[in-house]
Amino acid sequence: MNTNTNTQLCCIIGDPVEHSLSPVIHNAAYEAMHANFVYLAFRVTNIQPAIDGIKSLGIRGISVTVPHKVSVIKYMDALDPTAKAIGAVNTIVNNNGKLTGYNTDYSGALAALEEKTTLAGKRVVILGAGGTSRAIAFGLKKKGAQLTILNRTREKAAILAQEVLANYGDLSELTIIQNADILIHTTTTGLAPKQHETLVPKEYLRKDLVVFDIVYNPKETQLLKDAKEVGCKIIYGYKMLLYQAALQFELFTETKPPVSIMEKVLVENLKSKI
Ligand code: ATR
């Protein structure tokens, strides 16, 4: 990596960030495109001084992760309408000190889904009602899907469902999956080291169901293994990570992202993690 006084800095801020794959994905993309950029990870516990630092050092692009996606909003000078509706920012672009907040989780998830299926009019069951579920639910609603949100804590499903005009329930109502076109899993169940866990009994899966698991470590979760065996179309969680990063690359550098190179480095790094 050659840097000079014109090199632009991008970064991820969050806590924890030490396992983030964003630096390897973004730096590989910069290298491939000969973009004079570099990307680092910063563990940030206190968001306000980090924002001051971003402005004073002229950091060009910032990926925002847990726990700052909501608290960062009040420091934005402008908000993309989608990020505003969702109430979460995962991307900041710094234009000469003016910070604009975006949500590429939303567009990344839609891109991953639309690679395999149409969304308008589809019956979609979303498991989980946390931050990721929220971004995906807003996206699907905009695309005209019919949503049902099921969550361990029923009240959280109810709150989100009210905002996106969805049906809701708790995990005792999983049989609904049998009548769905698309199943999206957004909880942490199945994440390594508990990779053999799944919330969904295999008998609820049918081969005409599309199954998207946002867990990407391991790449093939128990839910996706079961879905593959049944003959469902499956969508790997890493695709959402990939497409949201590709959109960030485009916002930060204002050039088209080298998606296949980003995918290759991401998949290689996922393999070495497990
Ligand atoms: P993220 O931003 O990644 O979506 P989050 O906002 O912390 O993370 O949300 C985590 C989601 O996973 C929630 O829907 C949570 O359910 P609760 O609302 O009941 O807490 C769900 N979740 C976490 N652990 C779970 C488990 N063991 N079984 C079922 N759901 C679980």
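Scroll up to find the structure this text is about.
So, a few notes on the structure that sits alongside this text. (Residues numbered from 1 in each chain as written. Predicted model: local features only at pLDDT ≥ 70, side-chain atom pairs only at ≥ 80, totals over all residues. Heavy atoms only, no water.)

1. Here we look at the overall build of the chain
No. 1: Looking only at helices and strands, the chain has nine helices and 12 strands in total.
No. 2: Overall, the chain is about 60 × 35 × 30 Å in size when its C-alpha atoms are taken along their principal axes.
No. 3: For the chain, the proportion of its 274 residues judged to be buried stands at 50%.
No. 4: Contacts spanning at least 24 positions in sequence make up 63% of the contacts within the chain whose residues lie at least 6 apart.
No. 5: As presented, the chain carries roughly 12,900 Å² of accessible surface, and 52% of it is formed by carbon and sulfur atoms.
No. 6: Across the chain, the mean location of the 30 positive side-chain charges is 2 Å away from that of the 25 negative side-chain charges. (Helix = DSSP H or I, 4+ residues; strand = E, 2+ residues; numbered from the N terminus. Buried < 20%, exposed > 50% of the residue type's maximum accessible area, 1.4 Å probe, protein only. Contact = heavy atoms within 4.5 Å. Areas by Shrake-Rupley, 256 points an atom, 1.4 Å probe, with all protein chains shown as cover. Lys, Arg positive; Asp, Glu negative; His and termini not counted. Charge placed at Lys NZ, Arg CZ, Asp CG, Glu CD.)

2. Examining the site of the ligand
No. 1: For the ligand, the set of nearby residues contains 14 residues, the closest of which are Ala 129, Asn 151, Arg 152, Thr 153 and Lys 156.
No. 2: At 3.0 Å from an oxygen atom of the ligand is found a main-chain nitrogen or oxygen belonging to Thr 132.
No. 3: Separating an oxygen atom of the ligand from a side-chain N or O atom of Asn 151 is a distance of 2.7 Å.
No. 4: When the free accessible area of the ligand is taken as 640 Å², the share hidden by the protein chains comes to 67%.
No. 5: Residue composition of the shell around the ligand, by class: three nonpolar, nine polar and two charged. (Near = heavy atom within 4 Å. Polar contact = N/O pair within 3.5 Å; in protein donor to acceptor, adjacent residues only side chain to side chain. Nonpolar A, V, L, I, M, F, W, Y, C, P; charged D, E, K, R; others polar.)

3. What about the pairing of strand E1 (residues 8-14)?
No. 1: Of all seven residues in E1, five are buried; the element is thus mostly enclosed.
No. 2: With seven bridges connecting them, E1 and strand E2 (residues 37-43) associate as parallel partners. Looking across to E2, one finds that Leu 9 is bridged to Val 38.
No. 3: In this region the chain leaves E1, passes through helix H1 (residues 22-32) and returns to the parallel neighbour E2; the handedness of that crossover is right-handed. (Pairing = 2+ DSSP bridges. Right-handed = clockwise from strand over helix to strand, strands pointing away.)

4. A look at H1
The periodicity of an α-helix, 3.6 residues per turn, causes residues three or four places apart in sequence to face the same way.
No. 1: Extensive coverage of H1 is indicated by the burial of eight of its 11 residues.
No. 2: For H1, the full list of buried residues reads Ser 22, Pro 23, Ile 25, His 26, Asn 27, Ala 28, Ala 29 and Tyr 30.
No. 3: Positive backbone phi, approximately 50 degrees, marks His 34, located one or two places after H1.

5. Regarding the layout of surface pockets
No. 1: A volume near 240 Å³ is recorded for the second largest pocket.
No. 2: Taken together, Met 1, Asn 2, Asn 27, Tyr 30, Glu 31, His 34, Ala 35, Asn 36 and Phe 37 make up the lining of the second largest pocket.
No. 3: Of the residues contributing to the lining of the second largest pocket, the split by class is four nonpolar, four polar and one charged. (1 Å grid on protein atoms, 1.4 Å probe; cavity = no way out; pocket = protein on both sides within 12 Å on 5 of 7 lines; lining within 4 Å. Points joined across faces, edges and corners; volume = space filled by probe spheres on them.)

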